[in-house]
Number of protein chains: 2
Amino acid sequence: MLGIDPGLTRCGVGVVDVAPDRSARLVYVGVVRSAADARIESRLATIAAGIREVLAAHRPDVLAVERVFAQQNRNTVMGTAQASGIALLLAAEHGIPAALHTPTEVKAAITGYGGADKRQVQAMVARILQMDELPKPADAADALALALCHAWRGSAGTPTTSTGPLTPAQRAWADAERVARR
Amino acid sequence: MLGIDPGLTRCGVGVVDVAPDRSARLVYVGVVRSAADARIESRLATIAAGIREVLAAHRPDVLAVERVFAQQNRNTVMGTAQASGIALLLAAEHGIPAALHTPTEVKAAITGYGGADKRQVQAMVARILQMDELPKPADAADALALALCHAWRGSAGTPTTSTGPLTPAQRAWADAERVARR
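Everything quoted here is computed from the prediction, not taken from an experiment.

J.: I'd like a description of the UniProt feature "binding site: Mg(2+) 2" (unreviewed entry) in chain A, backed by residues and values.
T.: Residues and elements named next belong to chain A. The UniProt record annotates "binding site: Mg(2+) 2" (unreviewed entry) at Glu 66. Note on placement: Glu 66 falls in strand β4 (residues 63-66). Excluding residues that lie within four positions of it along the chain, Glu 66 makes contacts with Ile 4, Asp 5, Pro 6, Leu 100, His 101, Pro 103 and Leu 146.

J.: Explain helix α4 (residues 118-128) of chain A residue by residue, including any values.
T.: Note on helix geometry: an α-helix contains 3.6 residues per turn, so any two residues three or four positions apart are oriented the same way. Residue and element names in this part refer to chain A. Those residues of α4 that fall on the buried side of the exposure criterion are Val 121, Gln 122, Val 125, Ala 126 and Ile 128. Along α4, the residues classed as buried sweep out an arc of 165° about the axis, all on the same side. Pointing more than 90 degrees away from the buried face of α4 are the exposed residues Arg 119 and Arg 127. Summarising the contacts, the buried residues of α4 are in contact with β3 (24-33), α3 (103-111) and α5 (138-153). Just downstream of α4 lies Gln 130, where phi reads positive at about 50°.

J.: Tell me about the UniProt feature "binding site: Mg(2+) 1" (unreviewed entry) in chain A, and please be specific about residues and values.
T.: All names here are of chain A. The sites that UniProt annotates as "binding site: Mg(2+) 1" (unreviewed entry) are Asp 5 and Asp 139. Maximum C-alpha separation among the annotated residues is 6.1 Å over a sequence range of 135 residues, consistent with a single clustered spot. With respect to the element layout, Asp 5 can be found in strand β1 (residues 2-5). Apart from residues no more than four positions distant in its own chain, Asp 5 is found in contact with Arg 10, Cys 11, Gly 12, Glu 66, Asp 139, Asp 142, Ala 143 and Leu 146. On the secondary structure map, Asp 139 appears in helix α5. According to the relative accessible area criterion, Asp 139 is buried, its value standing at 14%. Ignoring anything within four residues of it in the chain, the contact list for Asp 139 reads Asp 5, Arg 10 and Gly 12.

J.: Go over the pairing of strand β4 (residues 63-66) of chain B, please, and point to the residues and values.
T.: Residues and elements named next belong to chain B. Burial along β4 is two-sided: the residues Leu 63 and Val 65 and Ala 64 and Glu 66 are all buried. In the sheet, strand β1 (residues 2-5) pairs with β4 via three bridges, with the strands oriented parallel. Bridged to Gly 3 within β4 is Ala 64. Sheet analysis places β4 next to strand β5 (residues 98-101), joined by four bridges and oriented parallel. Within the sheet, the bridge partner assigned to Leu 63 lies in β5 and is Ala 98.

J.: Requested: an account of the sheet that holds β4 of chain B, with residues and values cited.
T.: Residues and elements named next belong to chain B. Strand order in the open sheet formed by five strands is β3-β2-β1-β4-β5, with mixed pairing between adjacent strands. Across the chains shown, the open sheet's two edge strands, defined by having one partner strand only, are β3 (24-33) and β5. If you compare each strand with its neighbour and ignore which way they point, the axes differ by 20° on average. In the sheet, strand β2 (residues 10-18) pairs with β3 via nine bridges, with the strands oriented antiparallel. Bridging across to β3, Asp 17 finds its partner in Arg 25. On top of the sheet, helix α5 (residues 138-153) reaches β1, β2, β3, β4 and β5; it is set at about 40° to β2, its chief contact.

What counts, and at which threshold
Residues numbered from 1 in each chain as written. Chains lettered and ligands numbered in written order. Predicted model: local features only at pLDDT ≥ 70, side-chain atom pairs only at ≥ 80, totals over all residues. Heavy atoms only, no water. UniProt positions renumbered as here; feature names shortened; annotations may be inferred. Helix = DSSP H or I, 4+ residues; strand = E, 2+ residues; numbered from the N terminus. Contact = heavy atoms within 4.5 Å. Buried < 20%, exposed > 50% of the residue type's maximum accessible area, 1.4 Å probe, protein only. Arc of directions from axis to C-beta. Pairing = 2+ DSSP bridges. Axes fitted to C-alpha atoms, helices over the stretch in contact; angles between N-to-C directions.

Below is the structure:
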């Protein structure tokens, strides 16, 4: 499960392996950075190259991306939306489904509280993945939280459209969730 | 010169050839469409494939994209921003510079009036390119207008960053503009 917290300056990338019993293991966490003074097209290419490396190295089944809203911070929201578009395109080009989750969904899935702050998310991600230190920066923790959120919510997450059928991976997760609930 | 009016449902794509004396010739115009009920990642892949085809067929020197603002129509602005991110990424991956122009800049460059309506832009684009019919839909006309705007403004257009040096193509345009002004 690959989680991406999209951004131009810092794009969080986290890979977790989640078992049907919902236990999770950290596979990879990192942040792809691009220079604020570089041209926008080269910044997006840097982000794309970083995500492609992780896709090639870890071959995730699903890519989960944070859903961006227009009403968020106006200075950076367009770059964030562009970076999320890149992540979604790369999912399609690698033949894996993409899922979108709102920050509130992610916080609720990880901490039990949709209004949790960054520190609480970092602490819970560290505990769940048995990390010795808090995942930093917050973008890295958010990427891991997204991956965990999607694994746990499975097909109950916000679908990318209202009409798409379940993908094989989503179906597998839905089945696993049903088994876990018995 | 490739102009792109980014969008998920309709992405306008126009290619024009502009001589140093500022006369322009229509090379290609089209609209890449994606189905509103498809998954977002597959819609972005469709847009990317359509733009890649035009890049391969016409090998433009520069890609001009409409600058998207967060305060525009909220229902579609995120998809528009994602599509613009795809266009910018493809520019970088094809080794050509990208330029961003605001709708006001484009209208002013084409019609002489930044508040021109869609019909006025279509009419002027048709006249400049000696087209027998108005370019339709408006997204197609806007893409051609963007390409013309960038050609005419040259490096005076909104740079993608405030610090980037001129690319060879931008320098060539700046030189051509200087010659034309003599």
